[in-house]
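Architecture and fold: a report
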Amino acid sequence: MSHSAARLAAVTVGAGAVLLGLAAPALAAPPVIERFPIDETEPDPFLTAACGVPVTSTVVGLVTTRTFGRDGTGPTDLTTINLTVTATAGDNTIRFRNVGADLIRRTPDGQLVLSIIGQVPFDFNGVLKIDFETGEVIHEASSPRPDDLDEACALLTA
């Protein structure tokens, strides 16, 4: 990922946090925060199937959840993701990032909306909004990245 893309991802997550702070009532209880450090190495069934060679991935980083204990409109859950993935097939290695935030918020009409914000490897950059209860897509991400998987496989099988 380029330096400018990394900065954009950080700005996107930071801007989301600021917006959440502005939307919260002044007297709201603080969210329950849990942090999950990740450091795992295991076979990668997704990349193995896509690339046609055995791939092992190491994922390192931090996932943080915030659960807001209030009724009414606004955020109910926020998960921030900051992961580095190193995928290896034989002597070939690639690195990529999974960064962003998953926000569940309740709208004034009571609908729960899941916003997936950031960079989702081999899928998209941007914001994808989904009706949390039905799974219906409300808003498509603006920057699909379907060719990233082909590029990754080319590097892993070179």
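The notes below deal with the structure included here. (Residues numbered from 1 in each chain as written. Predicted model: local features only at pLDDT ≥ 70, side-chain atom pairs only at ≥ 80, totals over all residues. Heavy atoms only, no water.)

**Observations concerning the overall build of the protein chain**
The helix and strand tally for the protein chain stands at 3 helices and 8 strands. For the protein chain, the sequential pattern of α-helices and β-strands runs α-β-α-β-β-β-β-β-β-β-α. Of all 158 residues assigned to the protein chain, the portion counted as buried reaches 32%. In the protein chain, the share of contacts with a sequence separation of at least 24, taken over all contacts with a separation of at least 6, comes to 41%. (Helix = DSSP H or I, 4+ residues; strand = E, 2+ residues; numbered from the N terminus. Buried < 20%, exposed > 50% of the residue type's maximum accessible area, 1.4 Å probe, protein only. Contact = heavy atoms within 4.5 Å.)

**Some points on the packing of aromatic side chains**
Two numbers describe a pair of aromatic rings. These are the distance of the centres and the angle of the planes. Across all of its chains, the model carries 2 aromatic pairs by this definition. Between the aromatic rings of Phe46 and Phe122, the centroid separation amounts to 6.1 Å while the plane-to-plane angle is 35°, which identifies the pairing as tilted. One end of the pair, Phe46, is in helix α2 (residues 45-51); the other, Phe122, is in the loop between β5 (112-120) and β6 (124-131), with 76 residues separating them in the sequence. Residue class for Phe122 comes out buried when judged on its relative accessible area of 19%. Ring plane angle 65° and centroid distance 5.0 Å describe the contact between Phe96 and Phe122, whose orientation is recorded as edge-to-face. A residue pair is termed long-range when its members are at least 10 positions apart, and Phe96 in strand β4 (residues 92-106) and Phe122 in the loop between β5 and β6 qualify at 26 residues. For the pair shown, Phe96 and Phe122 are each scored as buried. Members of the aromatic cluster, joined through ring pairs, are Phe46, Phe96 and Phe122. (Phe/Tyr/Trp six-rings, centres within 6.5 Å; stacked < 30°, edge-to-face > 60°.)

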